[in-house]
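Structural overview
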Amino acid sequence: MRHLNNVFNSIVSSSLTAVLWIFPGVTAIIMLIIISRVFIKTSLYSRVQRVTPPAEEGHCIYPLLLTLLNMIFFIHYHLSMDFINTEQLLWVKIRTAEILPLHRYESPMAPNLPIFQETAVEAFPMAIVGFAVAFSVAKVYSVKHDYTIDGNQELIAFGVSNIFGASFKSFAASTALSRSAVQESTGGKTQVAGLISALIVMIVTLAIGFLLEPLPKSVLGAVVIVNLKSMLMQVREIPYLWRRDKPDCVVWLATCVAAVLLGLDLGLAAGLGVELLSVVLRVQFPRCSVLANIKGTDVYKDRKDFINIYEPDGVMIFRIPSPLFFANIEFFRSKLLEALGFNPLRVLRKRNKALRRIRRLLKKGCLQWTSEGFLNTSFGPIADSKEEENIKELDLPTDFKDLPARINWNAELPANIVVPRVDIHSLVLDFAAVSFLDISALKGLKTVLKELIRIEVMVYIVACDPYVLQKLHDCCFFDDEVQSSMFFLTLHDAMLHILEKHPEATERKADFGKVTNCLF
């Protein structure tokens, strides 16, 4: 006991520098032991699926005890209680007045307009980032505790608090993830907890803030880390996220790395940017699919996901699961042509070239029309013409007016004329997921529809949103070629219409006929 008393007397009589060098080291060692104990114990209990309420409740006790111990050392050093006479007591009072200064907040003042004009540009992005950070943290806890938050209410609250605080020259109000985690872990759920927290902060800043000045950063870090333990342990969910949704996993990792390297504010802003980029990429490059009918039902799903399906001959159902706008209209066109297996514009130009050559051969007498079709009357080979071709004329619809009959392009053509074969007579576009179209997408869509209609492929659009349909009418989308009769309410209604126009598609597959009969 005498040796212990000598140790404390030597510590008290030492310099403040020595105390502040010795005590943080001891504190850091104790905190490392506590943190390692907590994490090891938690991980072991999670493996054997045991619950340890006492350890969870005591996580915040150790840092608080160390904080109080540090404050006792500080007060004991500055306020020596071994005074003997009145002079020493007076010295203690003077020393106490020096150490315990009485602070106060500044008086309110009106806003300075010149400063407002100079900082308005920088203040706007700060306000956006601050609100985004606060709202993101609020969303995390709203999901955890199952309650809803109103973004407008949060924005108004931040605006009022910043206007009130700015009159007292306060910092811009946002959120503090560490303090929010501490309050949430201690059970604070109502506005009373926030009011008590604000009162404690006010007391600390006005009266006892000097006691926390020499507090080792290891203690503060331990308080934050222990309360953020549940969030930090979310790292174990990375394999699960990667297996379920790789883009979300990339956003999670990018936000975590940015928050660690750049800080919470810039990290959340970077995460928001990565999330917006992922949304843009998903919308710009959607997963288009070709649908087919599931036998025995009126349901149409991706033909790659099912085996027992039915696809009528000459009919294709194409689905795009995103809005159409300037960034993805070319992607939509390329995926549609890939599914069709041919380029309608090239087919149209080939057919117009073939019609031009057939007209020229009929004028020369090298071809004659009979009841069985065209007859080649030339005994020698027919040479190709070297006349210049007008590309604009080749893009026009095929014209059979001066010909004796229409030409079957899938049959064998005379004079060794070769035109790409088109086996599809009906194309159904599922617009159930198309929520809007911009002007660029509208023009691109109309171009694709005209190219398909000009090569005798009927196009039907199903499940179109009324807003999109109204916009098509307002933008003069319809004309003599693209007509409003191509729109159907449901996909199955369009399929029934196609099968009624092409009954040969049901002769090979009787199952679909049974489906159509049982629906009406």
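Just so it is clear, the structure is predicted and the values come from calculations on it, not from any experiment.

1. Some remarks on a nonpolar patch on the surface
- Nonpolar side chains collect at one region of the surface, where Tyr-105, Leu-195, Leu-199, Met-202, Ile-203 and Ile-208 lie side by side and expose about 550 Å² of accessible area between them.
- Position of Leu-195 relative to the elements: it lies in helix H9 (residues 191–208).

2. What to know about the nonpolar core
- In this structure, Phe-318, Phe-332, Leu-340, Leu-427, Leu-429, Phe-431 and Leu-449 are the most contacted members of the largest nonpolar core, which totals 41 residues.
- Going through the elements one at a time, strand S4 (315–319), helix H15 (329–340), helix H16 (344–364), strand S7 (426–430), helix H18 (439–454), strand S8 (458–462) and helix H19 (466–474) are the ones with two or more residues in this core.
- The element that contributes the greatest number of residues to this core is H15, accounting for seven residues.
- The residues contacting Leu-449, other than those within four sequence positions of it, are Leu-429, Val-459, Ile-461, Phe-477, Val-482 and Met-486.
- Core analysis: the second largest hydrophobic core is formed by 14 residues, Phe-400, Trp-409, Ala-415 and Ile-417 among them.

3. Details of the pattern of salt bridges
- In total, this model carries 14 salt bridges according to the counting rule given.
- The salt bridge involving Asp-248 is made with Arg-282; its shortest N-O contact spans 3.2 Å. Placement of the pair is Asp-248 in helix H13 (residues 246–262) and Arg-282 in helix H14 (residues 264–284), with a sequence separation of 34 residues.
- Among the ionic pairs, Lys-335 bridges to Glu-338, the shortest N-O distance being 3.7 Å. Of this pair, Lys-335 and Glu-338 both sit in helix H15, three residues apart, which is roughly one turn of the helix.
- For Lys-335, a relative accessible area of 30% puts it in the partly exposed group.

Analysis parameters
- Residues numbered from 1 in each chain as written.
- Predicted model: local features only at pLDDT ≥ 70, side-chain atom pairs only at ≥ 80, totals over all residues.
- Heavy atoms only, no water.
- Patch = residues over 30% accessible without salt bridge, like charges linked within 9 Å, V, L, I, M, F, W, Y side chains within 5 Å.
- Areas by Shrake-Rupley, 256 points an atom, 1.4 Å probe, with all protein chains shown as cover.
- Salt bridge = Lys/Arg side-chain N within 4 Å of Asp/Glu carboxyl O.
- Helix = DSSP H or I, 4+ residues; strand = E, 2+ residues; numbered from the N terminus.
- Core = buried A, V, L, I, M, F, W, Y, C linked by side-chain atoms within 4.5 Å.
- Buried < 20%, exposed > 50% of the residue type's maximum accessible area, 1.4 Å probe, protein only.
- Contact = heavy atoms within 4.5 Å.

Nothing here speaks to function; it is all geometry.
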